[in-house]
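The chain contents come next:
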Amino acid sequence: MSRTVKVYDLAHSRSGDKGNISNIVVVAYDDDGWEILSRLLTSERVKQAYSSVAEGPVIRYELPKLRALNFVIHNALAGGVTRSLRLDPHGKSLSSIVLSIVLPLES
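Residues numbered from 1 in each chain as written. Predicted model: local features only at pLDDT ≥ 70, side-chain atom pairs only at ≥ 80, totals over all residues. Heavy atoms only, no water.

In the nomenclature of an unreviewed UniProt entry, the protein chain corresponds to AtuA-like ferredoxin-fold domain-containing protein from the organism Advenella incenata.

Here you go:
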């Protein structure tokens, strides 16, 4: 039997911006969540989840002592704060997308 878990159940997230780049940080609630996230929350999965808003590469940085992953998502903010016509030009609400990612767990 195949089981799944949402990132939301394992971690919280924050987002920030610099120009047309969005930073999404995912911080695990505990060591068990960190083990799952560090293994399964890949750059490819995040890029797929953000494909409707981001056009560039996604780079993942690990911060194991903080039980955190930082995803740097290029071309994600429609040109950045001074050029974007989006309601959220800073991309502060973009962190909610990563929380909705469903991860497959081994049975």
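Next, the rest of the story.
Enquirer: Got a minute to help me understand the overall build of the protein chain in this structure?
Expert: When you go through the protein chain residue by residue, the secondary structure sums to three helices and six strands. Out of the 107 residues belonging to the protein chain, those deemed buried represent 39%. In the protein chain, of all internal contacts separated by at least 6 residues, the share reaching a separation of at least 24 is 61%. (Helix = DSSP H or I, 4+ residues; strand = E, 2+ residues; numbered from the N terminus. Buried < 20%, exposed > 50% of the residue type's maximum accessible area, 1.4 Å probe, protein only. Contact = heavy atoms within 4.5 Å.)

Enquirer: I'm lost on the nonpolar core in this one. Help?
Expert: Grouped burial of nonpolar side chains is what soluble globular proteins tend to show. Residues Val7, Leu37, Leu41, Val46, Phe71, Val98 and Leu103 are the most contacted members of the largest nonpolar core, which totals 25 residues. Mapped onto this core, the elements with two or more residues apiece are β3 (21-28), α1 (31-40), β5 (68-73), α3 (95-99) and β6 (102-105). The element that contributes the greatest number of residues to this core is α1, accounting for four residues. Not counting residues up to four positions away in its chain, the partners in contact with Leu103 are Arg3, Thr4, Val5, Val7, Leu10, Ile36, Leu37, Leu40, Leu41 and Arg45. (Core = buried A, V, L, I, M, F, W, Y, C linked by side-chain atoms within 4.5 Å.)

Enquirer: How should α1 be read in this particular structure?
Expert: Of the positions making up α1, those classed as buried are Gly33, Trp34, Ile36, Leu37 and Leu40. Seen along its axis, α1 keeps its buried residues to an arc of 165°; they face one direction. Turned more than 90 degrees away from the buried face of α1, the exposed residues are Asp31 and Asp32. Where α1 begins, the capping side chain belongs to Asp30, and its oxygen is found 3.2 Å from the backbone nitrogen of Asp32. (Arc of directions from axis to C-beta. Polar contact = N/O pair within 3.5 Å; in protein donor to acceptor, adjacent residues only side chain to side chain.)

Enquirer: Explanation requested: the environment of Arg39 in the structure shown.
Expert: With respect to the helices and strands, Arg39 occurs in helix α1. A polar side-chain atom of Arg39 sits 2.8 Å from a polar atom in the side chain of Glu35.

Enquirer: How should the side chain of Asn70 be read in this particular structure?
Expert: Looking at the secondary structure, you find Asn70 in strand β5. Beyond its immediate stretch of four places on either side in the chain, Asn70 contacts Asn23, Ile24, Val25, Ile59, Arg60, Tyr61 and Leu63.

Enquirer: Hey, could you run me through the pattern of salt bridges in this one?
Expert: Side-chain pairing between opposite charges can occur once the charged atoms of the two side chains come close. Within this structure, the stated rule accounts for three salt bridges. Between Arg67 and Asp31 there is a salt bridge whose closest N-O contact spans 3.2 Å. Pair noted here: Arg67 is in the loop between β4 (58-63) and β5 and Asp31 is in helix α1, with a separation of 36 residues, a long-range link. For Arg67, a relative accessible area of 26% corresponds to the partly exposed category. Of the charged contacts in the structure, one is a salt bridge between Arg39 and Glu35, with a shortest N-O distance of 2.8 Å. Of the two residues, Arg39 and Glu35 are both situated in helix α1; the distance of four residues between them amounts to about one turn of the helix. (Salt bridge = Lys/Arg side-chain N within 4 Å of Asp/Glu carboxyl O.)

Enquirer: What should I look at first to understand the environment of Pro104 in this one?
Expert: Following the sequence through the fold, Pro104 ends up in strand β6. The exposure class of Pro104 is partly exposed, given its relative accessible area of 33%.

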